Amino acid sequence: MVSKEPTDEALRSLIDHFPKSSLLISKEDLIPYSFDATATFYQPPLAVLFPSSIADIQWILQWAKANHACILPRGSGTSLSGAVVPQKNSIVLSMAKWNKILEIDRNNLTILVEPGVTTQSVQEEADKLSLFYPPDPGSYKISTIGGNVGHNSGGIRGLKYGVTRNYVLGLEVILPTGQLLWLGNKCMKDSAGYSLKDLFIGSEGTLGIVSKVLLRLIPKPQERQVILASFSTLEAAAEATSAIINAALIPSALEFLDRKTIDCIEQYNPAGFPKESEAVLLIESDGHPQAVRDEIVCILKVLQLYNPLDIKIAEEPKDQEQLWKARKVAFSALARKAPTVLLEDITVPRSALAEMIRKIQQISSQYGVEIAVYAHMGDGNLHPVFLADEQNEDLMEKVYRAMKEIFLYAIKLGGTITGEHGVGLAKKEFLAYQYNKEEFQLLKSIKKILDPDNLLNPGKIFD
Amino acid sequence: MNNLNSRFSLLSLDPTIIQKCIHCGMCLPSCPTYQETKIERNSPRGRISLMRAIAEKRMDLTELFAHELYFCLGCLACQTACPVGVDYKTLFEASRQDIEKSQILNNPLRQIARTALIRFLFRSSFRLRTFGKMLRVYQSIGLDRLVPYLPFIPAKLKDMMAQLPPIASHFSSELIQPRETPFHTKVRWKVGLLTGCVQDLVYSKINRDTVDVLLYNGCEVICPPHQGCCGSLHAHNGELKTAQLLAQKLMDAFPLNELDALITNAAGCGSHLKHFSNLFPPGTPWRKKAEEWDKKVFDIHEWLVKIGFSKPKLTDTSQPQPVVTYHDACHLCHGQKIKNEPRIILNSLPFIRFVELEESDHCCGSAGIYNILQPEMAHKLLNKKIAKIKQTAASILCTANPGCLLFIEKGLKKQQLNIQTVHPISLLAQWYKMANPGEPTPQKNQEKLAIPK
Ligand SMILES: Cc1cc2nc3c(=O)[nH]c(=O)nc-3n(C[C@H](O)[C@H](O)[C@H](O)COP(=O)(O)OP(=O)(O)OC[C@H]3O[C@@H](n4cnc5c(N)ncnc54)[C@H](O)[C@@H]3O)c2cc1C
Ligand code: SF4
Ligand code: SF4
């Protein structure tokens, strides 16, 4: 592992190599790069570099190797797993200024971008051509495509359209050895050998530095409608979700918010969520107008079986946008409730949703820990949010135990400890519960092959 | 004063205010400085992390930190965007207060400029008006057009002189009487009008228009002459003591108990005027008075919508309708959360066609004296703003803050664009006059003015 501090001479060579404007070394510049959006992790880097060419990246990799430092690729730092919290002696490689849209290929429906382009910019570019880029994490306005690839991010439309991986056709990657690779192509099908490209998606900046991304676009759905259904219990909403899936209905989004989350969102910016319910489902259907109408009718029929308190349909784009905007601030708005909020990210098979939610409620009362829940319910992806306080050691200990129990239960139900945020620092301890020894070793040997000197984002996912 | 000072220092600030930021980054897309540089230190999240490091004694207050806090526009777009409800304004003001106390940025030139501007000129209404009069003469005899050609004046000074705003031909006290009462309708409310300092020197006509609009809507207007600066400039620049003094003077100038409301039409002043109580320690008589005051301060748009302003019918609709667009002054939309009211007013004017401005709530770069202190960033933002204004094809741009009006007006002129800049209330006043042709301004000349020369 990385240990020794680079010598003064080494630091001098680093400073001399890059112009002042692209290498930040003052403490005032380093402190703002010591964290991501995960609570409780903090470590300032050695320096922050804004590379302006592949050669810059190759140079810094060599320098890091020679001087026992390591490199941490970074988009906008909205990671929720500690994946972009520096380790000791890290150089943060900020891709935020590497943000050009390089090509839109109308004939093949692809877009080629630099990694620092925000998810929102890709969506807007696609929209201008009546095309559609579906992945949309709650952080879409600021998260970068490089970061989305790093975490294989999902969003509210994952249910019907999938996650980032499903839209990445090609990647330009710089390996820790400095080698430049182009993986993938504009073809919709490709069965030639192992899918190396897929190895890098979700690798949390531990295997290579992504310098270009080729994304697939799809036609923009003509029509959209959104249902807002409210329920008197969390389980009723979960059961209704399982029933919708069981009826082979695949809406474009099926989201869940509990009372605590709704209260916080409404405090920030009232979006008109019902006042009385314990949980709401936000369901979007999109596609051909007739298909949307038919699907909405079917979904309403299923919902009726679970005694909803109220059902509303938002047909106007303005009203739909208001609801989705409200949904996307859920995590940040919850931070109103407690000094420290810890957002978790489990996924279970969708038939097990009600059981998982019941378990979360039970664990919450058993440990005396307040837990809010919102979820990409249609994906079975739940976000239990622990309302805690860093200053209260006793409470933090309980939170940790409750969290562990939730992870173990999710795995028991055939689920996973992370659906979209990755392992990073926050969950590496729990990874071993999901993989057996041999599998775990295989994961590690992949890292060893691609990054023999452990230069790239070491200490993340596993030690 | 301990209690008060703690609110204005990072070191003794309530830690929960600063710990509230969860680094989620939701505010980053709205921050003009981050959008330009993409460097975390120039973002709200980055600035707050530095404030926290200082508050928790992990870092000293450094010169770079001080520069950073003066690179921040104080536009508060981050505060509007933040879903967690982080109180950036308090953090920002506390930081600047600490910076000034530390004297870390002090150098002779800055000292002279600050003393001249903040401690001398803007501290006394008499001095400001005298300066205004001198400037008026200087501009009226055309000296200002000569200056750029004078070889013996240093370039830096020429630049500064070019920033000086055109002084109005009359100050507010020459246009508005201390008490004006509507004669065409019965008095429904009694309100005080705050004339501001920059507004008074440069846009006194807007103050007159505001009085007319209030009178048309049944408000008796009390407007003490020579009110002076409200101290917002001082509070935002870490000069707490002067800010207190100016607030006291202003509060003393009005018969607070008699008034239903205090009306301000300048966004920057308004967001400060509504929080005078923050300037005084709890439990003191000034605090009590300031709390009363705060409750009564209304922005003019807010007040008009609250009282249900009258919407006269227009008779002649055959006239071509100019396209009007609206720029949200930061201190109105982010500072005071007033976004709808100006639009309600503009949309009610049948002789114009209102078109929304894209990114209307992005700062224009004016930001108090930011455009003088950070001209490069300020002009980047101004150019962005003007490009958006051009897209609307408007011939009139409305905004409700003298700083924004001046800065945007200048930018439009420089690009030789024939677009007028107007306060929304002036358009409304114009409408009342159009709808009531032949009628004099609806005031009774109750008190004769004694204008000191
Ligand atoms: C309010 C909020 C809501 C969120 N909602 C969602 C959601 O709905 N769904 C979801 O999936 N996530 C969500 N997230 C998590 C986070 O936004 C995503 O993981 C996002 O994709 C991270 O993007 P980023 O640009 O901030 O990347 P960063 O946080 O900077 O980096 C993320 C990872 O990618 C790596 N990386 C970044 N750029 C590169 C590159 N060029 N080459 C190689 N590796 C790179 C980093 O090393 C790191 O491991 C949310 C976060 C917040 C704060
Ligand atoms: S006040 Fe404006 S410039 Fe300053 S951090 Fe907030 S958004 Fe950015
Ligand atoms: S200020 Fe608010 S929006 Fe910005 S990072 Fe902090 S918590 Fe998030």
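Thresholds applied
- Residues numbered from 1 in each chain as written.
- Chains lettered and ligands numbered in written order.
- Predicted model: local features only at pLDDT ≥ 70, side-chain atom pairs only at ≥ 80, totals over all residues.
- Heavy atoms only, no water.
- Phe/Tyr/Trp six-rings, centres within 6.5 Å; stacked < 30°, edge-to-face > 60°.
- Helix = DSSP H or I, 4+ residues; strand = E, 2+ residues; numbered from the N terminus.
- Pairing = 2+ DSSP bridges.
- Contact = heavy atoms within 4.5 Å.
- Axes fitted to C-alpha atoms, helices over the stretch in contact; angles between N-to-C directions.
- Parallel < 35°, antiparallel > 145°, perpendicular 65-115°, else oblique.
- Nonpolar A, V, L, I, M, F, W, Y, C, P; charged D, E, K, R; others polar.
- Buried < 20%, exposed > 50% of the residue type's maximum accessible area, 1.4 Å probe, protein only.
- Buried area = accessible area lost by both parts, 1.4 Å probe.
- Salt bridge = Lys/Arg side-chain N within 4 Å of Asp/Glu carboxyl O.
- Polar contact = N/O pair within 3.5 Å; in protein donor to acceptor, adjacent residues only side chain to side chain.
- Disulfide = S-S within 2.5 Å.
- pLDDT = per-residue confidence, 0-100.
- Near = heavy atom within 4 Å.
- Areas by Shrake-Rupley, 256 points an atom, 1.4 Å probe, with all protein chains shown as cover.
- Expected span 1.5 Å × (residues − 1).
- Patch = residues over 30% accessible without salt bridge, like charges linked within 9 Å, V, L, I, M, F, W, Y side chains within 5 Å.
- Left-handed = near helix turned anticlockwise from the far one by under 90°.
- Core = buried A, V, L, I, M, F, W, Y, C linked by side-chain atoms within 4.5 Å.

Visitor: Give a description of the packing of aromatic side chains that names residues and reports values.
Guide: Residue and element names in this part refer to chain B. Counted according to the given criterion, the structure contains 14 aromatic pairs over all chains. Seen from their ring centres, Trp189 and Trp303 are 5.8 Å apart, and the 80° between their planes marks the pair as edge-to-face. Taken together, the residues span a long stretch of sequence, with Trp189 in strand β2 (residues 189–194) and Trp303 in helix α19 (residues 300–307) at a distance of 114 residues. Geometrically, the ring pair formed by Tyr216 and Tyr432 is stacked, given 4.8 Å between the ring centres and 25° between the ring planes.

Visitor: Go over the sheet that holds strand β8 (residues 396–398) of chain B with me, naming the residues and quoting the values.
Guide: Residue and element names in this part refer to chain B. Ordered in space as β7-β6-β8-β9, the four strands form an open sheet in which the pairing is parallel. Edge positions in the sheet fall to β7 (353–354) and β9 (420–422), since each of these pairs with one other strand and no more. Pairing of strand β6 (residues 323–326) with β8, which is carried by three bridges, proceeds in the parallel orientation. From the neighbouring strand, Val324 faces β8, where its bridge partner is Ile396. Together, β6, β7 and β8 form the strand contacts of helix α21 (residues 340–347), whose direction differs from that of β6 by roughly 170°.

Visitor: So what about the packing of helix α1 (residues 8–17) of chain A against helix α3 (residues 54–66) of chain A? Which residues, and what values?
Guide: All names here are of chain A. α3 packs onto α1 with a crossing angle of 175° between their chain directions and a minimal axis gap of 11 Å. Overall, the two elements α1 and α3 adopt an arrangement that is roughly antiparallel. Counted together, Ala10, Leu11, Ser13, Leu14 and His17 of α1 and Trp59, Ile60 and Trp63 of α3 form the full contact between these two elements. Grouping the constituent residues of the contact of α1 with α3 by class yields six nonpolar, two polar and no charged.

Visitor: Run through the pairing of strand β16 (residues 340–343) of chain A, naming residues and quoting values.
Guide: Residues and elements named next belong to chain A. Burial along β16 is two-sided: the face carrying Thr340 and Leu342 and the face carrying Val341 and Leu343 are both buried. Two strands pair when backbone bridges link them, and β16 and strand β19 (residues 381–388) are joined in this way by four bridges, in the antiparallel orientation. Each residue of the ladder has a partner; that of Leu343, found in β19, is Val385.

Visitor: For the interface of chain B and chain A, give the residues involved together with the corresponding values.
Guide: In this assembly, 30 residues from chain B lie in contact with 34 residues from chain A. A buried area of about 2500 Å², summed over both sides, lies between chain B and chain A, and 63% of it is on carbon and sulfur atoms. Considering only the surface of chain B that becomes buried against chain A, Ile22, Lys38 and Pro83 of chain B emerge as the three largest contributors, covering 20% of it. Linking chain B with chain A are two salt bridges. Between Asp29 of chain A and Arg41 of chain B there is a salt bridge, with its nearest N and O atoms 2.9 Å apart. The interface formed by chain B and chain A contains ten residue pairs in polar contact (both at pLDDT 80 or more).

Visitor: Residue-level account of unusual backbone geometry, with values.
Guide: When glycine is set aside, most residues are seen to have a negative phi, and most peptide bonds are trans. Even without glycine at this site, Glu204 of chain A takes up a positive phi of about 55°. Its location among the elements puts Glu204 of chain A in the loop between α7 (196–200) and β10 (209–216). When its relative accessible area of 6% is taken as the criterion, Glu204 of chain A is described as buried. The phi dihedral of Lys337 of chain B is positive, around 60°, even though this residue is not glycine. Note on placement: Lys337 of chain B falls in the loop between α20 (330–333) and α21.

Visitor: Give a detailed account of the sheet that holds strand β4 (residues 90–94) of chain A, specifying residues and quantitative values.
Guide: All names here are of chain A. One open sheet holds the four strands; their spatial order is β1-β2-β4-β3, and the pairing between them is mixed. Looking at which strands have only one partner, the edges of the open sheet turn out to be β1 (23–24) and β3 (70–74). Here β1 runs beside strand β2 (residues 47–49); their pairing, made up of two bridges, is antiparallel. By the bridge assignment for β2, Leu24 is matched with Val48.

Visitor: Lay out the side chain of Thr62 of chain B with the relevant residues and their values.
Guide: Within the fold, Thr62 of chain B resides in the loop between α4 (44–55) and α5 (63–71). Setting aside chain neighbours within four positions, we find Thr62 of chain B in contact with Lys27 and Glu28 of chain A together with Ile104 of chain B.

Visitor: Explain the state of the cysteines residue by residue, including any values.
Guide: Taken as a whole, this structure holds zero disulfides over all chains when the rule is applied. No disulfide involves Cys230 of chain B; its sulfur sits 4.2 Å from the nearest other cysteine sulfur, which is in Cys269 of chain B.

Visitor: Got a sec to walk through the confidence of the model for chain B? Specific residues and values, please.
Guide: All names here are of chain B. When pLDDT is averaged along chain B, the result is 87; 90% of the residues meet or exceed 70. A low-confidence stretch, residues 444–453 stays under pLDDT 50, and its non-local contacts, those more than four residues away or across chains, total 18 contacts. Our summary of model confidence lists the complex with pTM equal to 0.92 and ipTM equal to 0.94.

Visitor: Help me get a handle on the site of ligand 2, residues and values and all.
Guide: Residues and elements named next belong to chain B. Contacts to ligand 2 come from 13 residues, most closely from Cys31, Arg47, Cys72, Cys75 and Cys78. Residue assignment for the shell around ligand 2 shows that the elements contributing at least two residues are α3 (32–37), α4 and α6 (77–81). Here the shell around ligand 2 is composed, by residue class, of ten nonpolar, two polar and one charged.

Visitor: Give a description of the pattern of salt bridges that names residues and reports values.
Guide: Throughout the structure, instances matching the rule amount to 46 salt bridges over all chains. The residue Asp263 of chain A makes a salt bridge to Arg259 of chain A at a minimum N-O spacing of 3.0 Å. Of this pair, Asp263 of chain A and Arg259 of chain A both sit in helix α9 (residues 259–268), four residues apart, which is roughly one turn of the helix. Glu93 of chain B is the salt-bridge partner of Lys89 of chain B, the closest N and O atoms lying 3.5 Å from each other. With a gap of four residues between them, Lys89 of chain B and Glu93 of chain B both fall in helix α7 (residues 88–102), about one helical turn apart. Exposure remark for Lys89 of chain B: the relative accessible area of 14% places this residue in the buried category. Salt bridges sharing common partners tie together Glu180, Lys205, Arg208, Asp209, Asp212 and Lys433 of chain B.

Visitor: Lay out the site of ligand 1 in plain terms, naming residues and giving numbers.
Guide: All names here are of chain A. In the vicinity of ligand 1 lie 38 residues, with Pro73, Thr78, Ser139, Thr144 and Ser153 positioned nearest. Asn148 is positioned such that a nitrogen or oxygen atom in its side chain is 2.8 Å from an oxygen atom of ligand 1. With respect to ligand 1, the backbone of Glu204 contributes an N or O atom lying 3.0 Å from an oxygen atom. Protein chains bury 98% of the 970 Å² of accessible surface belonging to ligand 1 in isolation.

Visitor: Let's hear about α3 of chain A: which residues, and what values?
Guide: Residue and element names in this part refer to chain A. With 13 residues, α3 extends 19 Å from end C-alpha to end C-alpha; this agrees with the ideal 18 Å at 1.5 Å per step. Within the span of α3, buried status applies to Ile54, Asp56, Ile57, Ile60, Leu61, Trp63 and Ala64. One or two residues past the end of α3 sits His68, with phi positive at roughly 60°.

Visitor: Describe in detail a nonpolar patch on the surface, supporting the description with residues and values.
Guide: Together, Tyr194, Leu196 and Leu199 of chain A make up a nonpolar patch on the protein surface, roughly 360 Å² of accessible area in all. Tracing the chain through its elements places Tyr194 of chain A in the loop between β9 (180–184) and α7.

Visitor: Describe helix α14 (residues 393–412) of chain A, listing the residues and the values that go with them.
Guide: Residue and element names in this part refer to chain A. Taking 1.5 Å per residue as the helical rise, α14 with its 20 residues ought to reach 28 Å, and the 29 Å between its terminal C-alpha atoms agrees with that figure. If you check which residues of α14 are buried, you get Leu395, Met396, Val399, Ala402, Met403, Ile406, Phe407, Tyr409, Ala410 and Ile411. On its buried face, α14 is in contact with β16, β17 (346–347), α13 (353–367), β18 (370–376), β19 and α15 (428–434).

Visitor: Describe the packing of α4 of chain B against α7 of chain B, listing the residues and the values that go with them.
Guide: Angle between the axes and distance between the axes are the two parameters that describe a pair of packed helices. Residue and element names in this part refer to chain B. Two elements in contact, α4 and α7, have axes separated by 11 Å at closest approach and are oriented at 55°. Judged by the inter-axis angle, α4 sits oblique to α7. Seen from above, α4 lies across α7 with left-handed handedness. Facing α4, whose interface residues are Arg47, Ile48 and Met51, α7 presents Tyr88, Leu91, Phe92 and Ser95. Looking at the contact of α4 with α7, its residues break down into five nonpolar, one polar and one charged.

Visitor: Could you give me a rundown of the nonpolar core, with the residues and numbers involved?
Guide: In terms of nonpolar packing, the biggest core is built from 70 residues, with Leu257 and Phe273 of chain A together with Phe65 of chain B touching the most fellow members. Ignoring sequence-local partners within four residues, the contact set of Phe65 of chain B consists of Glu28 of chain A together with Leu10, Leu50, Met51, Ile54, Met59, Ser95 and Ile99 of chain B.

Visitor: Give me the lowdown on the environment of Tyr433 of chain A, citing residues and values where you can.
Guide: Residue and element names in this part refer to chain A. As for its placement among the helices and strands, Tyr433 is situated in helix α15. On the basis of relative accessible area, Tyr433 is assigned to the partly exposed category, the value being 41%. As for Tyr433 and Ser445, which are separated by twelve residues in sequence, their C-alpha atoms are 18 Å apart. Each residue touching Tyr433, except ones within four places of it in the same chain, is listed here: Lys404, Leu408 and Ile411. Only 3.1 Å separates the side chain of Tyr433 from the side chain of Lys404, close enough to count as a polar contact.

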